[in-house]
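Structural features, examined
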Amino acid sequence: MFDKQLMSIPGVKKLIASLSCLAIIQSLAIILEAYFLSVAVVNTWSLKKLTALLMPMLYFFIAFGIRYLITRIENQLTDRFASKATGEIKKQLLTKEFELGPRMVSNIGSGHLITLALEGTDKIENYFNLIILKTVNMAIIPWILLIAVFFINLTSGITLLLVFPIIIIFMIILGLAAQAKSDRQYKGFTDMSNNFVDTMRGLKTLKLFGLSNKYADNLYRVSENYRKSTMSVLKVALLSTFALDFFTTISIAIVAVFLGVALIDGKVTLLPSLTILVLAPDYFLPVRDYGNDYHATLDGKNALTNVFEILKIKSPTSKVKLTNFNGWNNDSKMSVNHLDFSYDKESHALEDISFSIKGYQNVGIVGRSGSGKSTLLNLLGGWLEPTNAAKLPFTINGEKVDSLAQIEWQKHISYIPQDPYIFAGTVAENIAFYQPDATDAQIKQAAQKAGLTKFVSELANGFNTKIGESGRGISGGQAQRIALARTLLDDNREILLLDEPTAHLDIETEYELKQTMLPIFKNHLVIFATHRLHWMQNMDYILVMDQGKLVEQGTPQALMQKNGVYKELIDEIRGADQHA
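Residues numbered from 1 in each chain as written. Predicted model: local features only at pLDDT ≥ 70, side-chain atom pairs only at ≥ 80, totals over all residues. Heavy atoms only, no water.

**Some remarks on the overall build of the protein chain**
Convention followed: Working definition: helices are DSSP H or I runs of at least four residues, strands are E runs of at least two. Numbering for both runs from the N terminus. We call a residue buried when its accessible area falls under 20% of the maximum for its residue type, exposed when it is over 50%, and partly exposed in between, using a 1.4 Å probe and counting protein chains only. Throughout, a residue-residue contact means that at least one pair of heavy atoms, one from each residue, lies within 4.5 Å. Per-residue and other accessible areas follow the Shrake-Rupley method at a 1.4 Å probe size, with only the shown protein chains counted as cover for residues.
Broken down by element type, the protein chain carries 16 helices and 12 strands. Scored against the burial criterion, the 580 residues of the protein chain give a buried share of 50%. A separation of at least 24 residues holds for 77% of the contacts in the protein chain among residues at least 6 apart in sequence. Accessible surface computed for the protein chain: about 29400 Å², of which carbon and sulfur atoms make up 59%.

**Some words on the packing of aromatic side chains**
What counts, and what does not: Stacked, edge-to-face and tilted labels apply to pairs of Phe, Tyr and Trp rings (six-membered ring for Trp) whose centres lie within 6.5 Å, assigned for plane angles under 30 degrees, over 60, and everything in between, in that order. A ring is scored as having a charge over it whenever the NZ atom of a lysine or the CZ atom of an arginine sits within 6 Å of its centre and within 35 degrees of its normal.
For the coordinates displayed, the defined rule picks out 14 aromatic pairs. With centroids separated by 5.4 Å and ring planes inclined at 40°, the aromatic side chains of Phe325 and Trp409 adopt a geometry described as tilted. Of this pair, Phe325 sits in the loop between helix H7 (270-311) and strand S1 (333-341) while Trp409 is found in helix H9 (residues 407-410), placing the two residues 84 residues apart along the sequence. When sorted by exposure, Phe325 lands in the same class as Trp409, which is buried. Through successive ring pairs, a cluster of aromatic residues spans Tyr35, Phe36 and Tyr59. Geometry around Trp535 places Lys514 over its ring, the cationic atom sitting 5.2 Å from the centre.

**Thoughts on the pairing of strand S12 (residues 549-554)**
Here is the rule we go by: Each pair of strands is called paired provided DSSP finds at least two bridges between the two strands.
Pairing geometry for strand S11 (residues 541-546) and S12, over 5 bridges, is antiparallel. The residue bridging Asp546 from the neighbouring strand is Lys549, located in S12. Linking two consecutive strands that pair antiparallel, namely S11 and S12, is a turn of 2 residues; a positive phi of about 50° is found at Gln547 within it.

**Overview of a nonpolar patch on the surface**
How we decide: Think of a patch as exposed residues, more than 30% relative accessible area, with no salt bridge, where like charges cluster within 9 Å and nonpolar side chains (Val, Leu, Ile, Met, Phe, Trp, Tyr) cluster within 5 Å. For this analysis, a salt bridge means a side-chain nitrogen from Lys or Arg found within 4 Å of a carboxyl oxygen belonging to Asp or Glu.
A contiguous nonpolar surface patch, about 520 Å² in accessible area, is contributed by Ile25, Met55, Leu58, Tyr59, Ile62 and Ile66. When residues of the nonpolar patch are assigned to their parent elements, the largest contribution, 5 residues, is made by helix H2 (residues 51-108). On the secondary structure map, Tyr59 appears in helix H2. Under the relative-accessibility criterion, Tyr59 is labelled partly exposed at 37%.

**Concerning the sheet that holds strand S6 (residues 413-416)**
Adjacent strands of a sheet form backbone hydrogen bonds with each other and so pair up, either parallel or antiparallel. To be explicit about the condition: Structural elements are reduced to axes, namely lines fitted to C-alpha atoms, with helices fitted over the stretch in contact, and the angle between N-to-C directions of any two is expressed from 0 to 180 degrees.
Reading across the sheet, the 6 strands line up as S6-S9-S10-S3-S11-S12 and stay open at both edges, with mixed pairing between neighbours. The open sheet is flanked by S6 and S12, the only strands paired with a single partner. For this sheet the average axis-to-axis angle between neighbouring strands, irrespective of direction, equals 15°. Its contacts with the sheet put helix H8 (residues 373-380) on strand S3 (362-366), S6, strand S9 (495-499), strand S10 (525-529) and S11, and the angle it makes with S9 is roughly 155°. Across the face of the sheet, helix H13 (residues 476-488) comes into contact with S6 and S9 while running at roughly 175° to S6.

**A closer look at the packing of H13 against helix H14 (residues 507-520)**
A pair of packed helices is characterised by two quantities: the angle between their axes and the separation of those axes. As a reminder, the rule being used: Angles are sorted into four bins: roughly parallel if under 35 degrees, roughly antiparallel if over 145, roughly perpendicular if 65 to 115, and oblique for all others. In this count, Pro and Cys sit with the nonpolar residues alongside Ala, Val, Leu, Ile, Met, Phe, Trp and Tyr, while Asp, Glu, Lys and Arg are called charged and the others, Gly among them, polar.
Interaxial distance between H13 and H14 falls to 10 Å at its minimum, and their mutual angle equals 10°. Overall, the two elements H13 and H14 adopt an arrangement that is roughly parallel. Every residue of H14 that contacts H13 at Gly477, Gln480, Arg481, Leu484 and Leu488 is listed here: Thr509, Glu512, Leu513, Thr516, Met517 and Ile520. Among the residues forming the contact of H13 with H14, the class breakdown is 5 nonpolar, 4 polar and 2 charged.

**Some words on the sheet that holds S1**
Here we have 4 strands laid out as an open sheet, ordered S2-S1-S4-S5, and antiparallel in their pairing. Each edge of the sheet is formed by a strand with only one pairing partner; in this case those strands are strand S2 (350-358) and strand S5 (399-401). Neighbouring strand axes in the sheet, compared pairwise and without regard to direction, differ in orientation by 15° on average. Pairing between strand S4 (residues 394-396) and S5: 3 bridges, direction antiparallel. Directly across from Ile396, in S5, lies its bridge partner Glu399.

**As for the pattern of salt bridges**
A side chain with one charge may pair with a side chain of the opposite charge, provided their charged atoms come close. Per the counting criterion, the structure on display carries 6 salt bridges. Among the ionic pairs, Glu385 bridges to Lys314, the shortest N-O distance being 3.4 Å. A residue pair is termed long-range when its members are at least 10 positions apart, and Glu385 in the loop between H8 and S4 and Lys314 in the loop between H7 and S1 qualify at 71 residues. Its salt-bridge partner being Asp571, residue Lys567 comes within 3.2 Å of it at the nearest N-O pair. Separated by 4 residues within a single helix, Lys567 and Asp571 lie in helix H16 (residues 565-574), roughly one turn from each other. Looking at Asp571, the relative accessible area reads 11%, which means it is buried. Salt bridges linked by common partners bring Glu33, Arg67 and Asp282 together as one network.

**A word on the nonpolar core**
So the rule is basically this: Definition of nonpolar core: a set of buried residues of the types Ala, Val, Leu, Ile, Met, Phe, Trp, Tyr and Cys, connected through side-chain atoms within 4.5 Å.
Ile9, Phe81, Phe128, Ile132 and Leu304 are the most contacted members of the largest nonpolar core, which has 51 residues in total. Residue assignment for this core shows that the elements contributing at least two residues are helix H1 (12-45), H2, helix H3 (110-152), helix H4 (154-201), helix H6 (212-264) and H7. Sort the elements by how many residues they give to this core and H3 lands first, with 17 residues. Not counting residues up to four positions away in its chain, the partners in contact with Leu304 are Leu6, Ile89, Ile124, Tyr127 and Phe128. One finds Val427, Ile542, Val544 and Tyr566 within the second-largest nonpolar core, a separate group that totals 45 residues.

Right, here's the structure in full:
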């Protein structure tokens, strides 16, 4: 249950050292607590005066207070560490997501990634809270108590020592069964998250083709499988709890029998016997706590493993840094020279791409599905490294660089995908997601430019209306407008990368959104990848992709006169016979 990767988290070794010292003190407090309680009971059994109970009970309560105080300190230390470590992990996860870009999201699954970033980090925090403290206590407290028992009575010490491995063996057997079932449950949860998000995104299309009922059955089947796997995990959890309680109770009973026989034979007196019996439950308590919380930490452990796997993915890098780039303006220029990219060694996804862009232009990237539009956009966003990076295929304002995967470039980019994610929160919080310190006036201004004023005015609580996962649903067009408002809120991002932003919208919604977007394109470099060619009428320059190659480029008018691939695409959209 204790993941070795925990040791790589900053501050965990210091926390373990602190908890170890506190566990030693707590163990001594438990021994004193048991001893003085036993003294008080023996004095009562011996019919001594009430005054004979005062000092033992006073020392007992002092030891009890120390034990309680240490428990509080331990919980505060682990809470503080868990909160700080989880916040850092969440920050690293989001940073890695931005470094790897949309390709990583599509590979992992947006539903799973969202669940991991939101719910998964809460489970990781719970895992940190439980696992470190429970492990340290189990590693220290029982053994100090066992040493005390050995000093008091050798037979009892041997009995407790022999029983302990039996309990550990059963914990391991049940733990492995629980781990296997929990892994299947977590995989089911991942599949359900991705399936649900994909189904919700395509609901309009499914209804259009009359397939919504079929996918409703599919969603029910996936959720039902998850329910069954959850119940299976719970069965193992209940069985393991019963087994732990049963064996610890039997073990204490065995010790009590041996002590009773020895007491009758006069081999041991009442005080040490009572002390051992009081210590026995505390001897098994750390193991029981560890076993009982094992199942509560499995999801957190799985989530942490998933996060570490993502963090291990190599991020795109750039060895040659931009040194003089302070933002895109009307005099800026970018050249792409003989750019190559491959996802594997066998085939080229992009081959020998060359073009130039200057100033505030609207650049369209068109081509059939699989032609390389999104790959080119990802390279321009710095989320992929060129295969021929050593040849410095990018030139920005005269500076040659090997890759655009560098903060000097990316901090000036806004990326709008097909399905911008709407987080659980208010409209204002969603708009200000990248600028959390934005004022109400700035948020309202961005919303007005993005065409959200009418939508917000119809909401009961205006900008404070809850939307997203836990609130009111919104349409695809409204989601895109919120994404636009996020972009407008940051004045430092003069480069807009758009990857099929209207692909899932109906014609009417797309037309309305287009009227909002076109004014926003002013004073920006816009690189727009789409298969909806009516946008090309508003582009200054067009790149035509076909099977990973840039087959044509030029203005819309020049490409139409050329009667090449671009003209063929236009004719296909219009339903014309290109051979006529």
